[in-house]
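Remarks on the overall topology
Below are the chains, spelled out letter by letter.
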Amino acid sequence: MPVEIRKLSPNEKSDKINAAFFGIYKKVPEFYVRVPGRVNLIGEHIDYCGYGVCPMALEQDMFLAVATTNEKRLILYNFDQKYEGFECELDEVKITLTDSAPRWYQYYLCGLKGILESLNESQKNHIKGLQVVVSGTIPQSAGLSSSSALVSSAALSAAHAFKLSLPKEELANLCAACERYIGTQGGGMDQAIAYLAKEGCAKLIEFEPLRSTEVKLPSDAVFVIAHSLTNLNKAATGDFNCRVVECRLAAQIIAKKQELDWRKIKRLGDLQRALGLNLDEMIVLVKASLREMPYSKDDVIQELNTTSSLLDTVSLTPNTRDIQRFKLYQRALHVFNEAKRVEEFFNTCQTGSGGEATLITLGRLMSESHQSLRDLYECSHPQLDRIVDLAKEFSFGTRLTGAGWGGCTVSLVAPQNVEKMRNALIQNFYKPLGVTDGFESIVFTTAPKAGACIYTNS
Ligand code: ADP
Ligand code: NG1
Ligand code: MG
């Protein structure tokens, strides 16, 4: 199914973006696109290993106002004037990476480049110039997927302007691939939920082929998101790609020991498929095949009986080639156990009574997920761990959400405990850190929202 096109009902947000758009381009937008952020309920750092995840879309979103021109040029402004404007010719879309965080407009360019590269000769006749204003409300670098909302909204704006109507799954796959131009080797969860989300339910997202199943959340479940007031831009450091690569090396070393062609195995999920084992058997195999002590790059080269330059091209990314210490046992154990937790979470939602016993099981799985991310995957942050501790008294379970190293937690809370938990976090976490107001945007409840949509004025 293609992304829905609806008539815009004017509201405060569209009035503001229209006014900004008119101020810049002296005309009204032709159409708008909305793409939501997401909170991942469970299944962290396993999408890029090929395993299913369970996110839902947020109310916070990326909203773009767009007009087309006959000049084949992109002109891009942000509603928030702290971001610089950007212009380029459509045949000169380049994303040049440096050692620091990418510029904001490079995320837009990822989506635009993805669409431009997908066009065949006859579709290229419909290329139009783009005048765009971007307005986003998703907390940034906080694990709620502001980056993918920006990439996905960019791709959708270009697709609609060029009269391309693609199925949602195709757009999601295209956006997962083109967000990698920013340097991170993500797995596709964020772009998938951005397009496939449905109001009122979370989704089990599975890969290859990309598919989504509605997840019936218990009616009494309230999800509370709390910002740890720390952030990490995932494209600014090698932390994220280091985990992707550690999982790949774990898969390749086990593959070699199992006499498979390790160069063909890129993900732990590929390894499981090639061996035809279940998740419990994979856990036993990890324990028997890998050592707990970290591996140096030379150890990995020896295990794979390869050369440094082959390892660099087959297994590593430009920003992980200098890493000398890989924890393979711990990362692989996290992945297989987390994949099991997603299965149990999904089955509990679908078959549980929906009562307190269901909430207790879901909460336990979320807490176990956090412990594993903290101890085995080492992608938590002391401020995330502090929120998890403070939330224990009020929630069935709390975990970091998104890639981690900062950002947000998500807690499963009974309705009667939501205010108590918010107040406890305000008094014991936020106020001691010097925050005195604006709590509604740093600790808030959320219900599942719909995925991407295109709006027109008529
Ligand atoms: P997240 O966890 O939010 O996906 P990332 O580190 O992957 O975090 O990406 C965050 C980056 O996305 C920001 O540093 C910024 O460059 C870009 N971004 C997100 N939202 C906006 C916005 N509203 N305006 C401009 N840039 C944005
Ligand atoms: P965030 O933290 O929202 O950037 C990242 C990846 C996901 C997934 C999670 C961890 C991208 C675009 N996103 O999300 O694919 O791997 O981390 O579960 O790379
Ligand atoms: Mg991101």
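Note: the structure precedes this text.
Residues numbered from 1 in each chain as written. Chains lettered and ligands numbered in written order. Predicted model: local features only at pLDDT ≥ 70, side-chain atom pairs only at ≥ 80, totals over all residues. Heavy atoms only, no water.

Here we come to the site of ligand 2. Neighbouring ligand 2 are 19 residues, the closest being Glu44, His45, Asp47, Asp190 and Ala403. At 2.9 Å, a side-chain N or O of Arg38 approaches an oxygen atom of ligand 2. One of the side-chain N or O atoms of Lys234 is found 3.2 Å from an oxygen atom in ligand 2. For ligand 2, whose accessible area on its own is 440 Å², the fraction buried by protein is 96%. (Near = heavy atom within 4 Å. Polar contact = N/O pair within 3.5 Å; in protein donor to acceptor, adjacent residues only side chain to side chain. Areas by Shrake-Rupley, 256 points an atom, 1.4 Å probe, with all protein chains shown as cover.)

Inspection of the secondary structure assignment puts Asn241 in helix α6 (residues 239-257). We classify Asn241 as buried; its relative accessible area is 1%. Between the alpha carbons of Asn241 and Leu316 there is a distance of 8.7 Å; along the sequence they are 75 residues apart. Beyond its immediate sequence surroundings of up to four residues, Asn241 is in contact with Gly183, Thr184, Gln185, Thr317, Asn319 and Thr320. In terms of polar contacts, Asn241 uses its side chain to reach the side chain of Asn319, at 3.0 Å. (Helix = DSSP H or I, 4+ residues; strand = E, 2+ residues; numbered from the N terminus. Buried < 20%, exposed > 50% of the residue type's maximum accessible area, 1.4 Å probe, protein only. Contact = heavy atoms within 4.5 Å.)

Moving on, we come to the packing of helix α3 (residues 146-161) against helix α5 (residues 189-196). The N-to-C vectors of α3 and α5 enclose an angle of 55°; their axes lie 9 Å apart at closest approach. Judged by the inter-axis angle, α3 sits oblique to α5. Relative to α5, the crossing made by α3 is right-handed. Of α5, the residues touching α3 (which contributes Ser148, Ser152, Ala155 and Leu156) are Asp190, Gln191, Ala194 and Tyr195. Looking at the contact of α3 with α5 residue by residue, the class counts come to four nonpolar, three polar and one charged. (Axes fitted to C-alpha atoms, helices over the stretch in contact; angles between N-to-C directions. Parallel < 35°, antiparallel > 145°, perpendicular 65-115°, else oblique. Left-handed = near helix turned anticlockwise from the far one by under 90°. Nonpolar A, V, L, I, M, F, W, Y, C, P; charged D, E, K, R; others polar.)

Within helix α14 (residues 418-430) the residues assigned to the buried category are Val418, Met421, Arg422, Ala424, Leu425, Ile426, Phe429 and Tyr430. Its buried side turned inward, α14 meets β9 (222-227), α13 (382-391), β12 (395-400), β13 (408-413) and β14 (443-446).

Of note, Tyr48 is situated in the loop between β2 (31-42) and β3 (54-69). Spatially, the C-alpha atom of Tyr48 lies 8.9 Å from that of Leu268, the residues being 220 residues apart in sequence. In terms of polar contacts, Tyr48 uses its side chain to reach the side chain of His45, at 2.7 Å. Within the local environment of Tyr48, its side chain forms a polar contact with the side chain of Tyr377, the two groups lying 2.6 Å apart.

A separate point is the site of ligand 1. Around ligand 1, 19 residues are found, and the nearest of them are Asn78, Ser141, Gly143, Ser146 and Lys234. Taking Lys234, its side chain carries an N or O atom lying 2.8 Å from an oxygen atom of ligand 1. With the chains in place, 92% of the 580 Å² that ligand 1 exposes on its own is no longer accessible. Secondary-structure elements contributing two or more residues to the shell around ligand 1 are α2 (104-118) and α3. Element by element, the count of residues in the shell around ligand 1 is highest for α3, at three residues. Residue classes in the shell around ligand 1 are distributed as nine nonpolar, nine polar and one charged.

As a further point, take the sheet that holds β12. The strand order β12-β13-β9-β14 describes an open sheet built from four strands, whose pairing is antiparallel. The sheet terminates laterally at β12 and β14, the two strands that pair on one side only. Across the sheet, the mean angle from the axis of one strand to that of its neighbour is 25°, orientation sign disregarded. As paired elements, β12 and β13 share five bridges and run antiparallel to each other. Among the inter-strand pairings, Arg399 is bridged to a residue of β13, identified as Val410. In the packing of α13 onto the sheet, contacts are made with β9, β12 and β13, and the angle to β13 comes to roughly 15°. (Pairing = 2+ DSSP bridges.)

Sheet strands pair by backbone hydrogen bonding; their relative direction is either parallel or antiparallel. Spatially, seven strands are ordered β1-β15-β2-β3-β6-β4-β5 in an open sheet, and the strand pairing comes out mixed. Bordering the open sheet on either side are β1 (5-7) and β5 (86-89), each of which pairs with just one other strand. Here the average twist between neighbouring strands, direction ignored, is 25°. Pairing of β2 with strand β15 (residues 453-456) involves four bridges; the strand directions are antiparallel. In the strand pairing of β15, Tyr32 is matched with Tyr455. Along the sheet face, α3 touches β1, β2, β3, β6 (129-136) and β15 and points at about 150° away from the line of β2.

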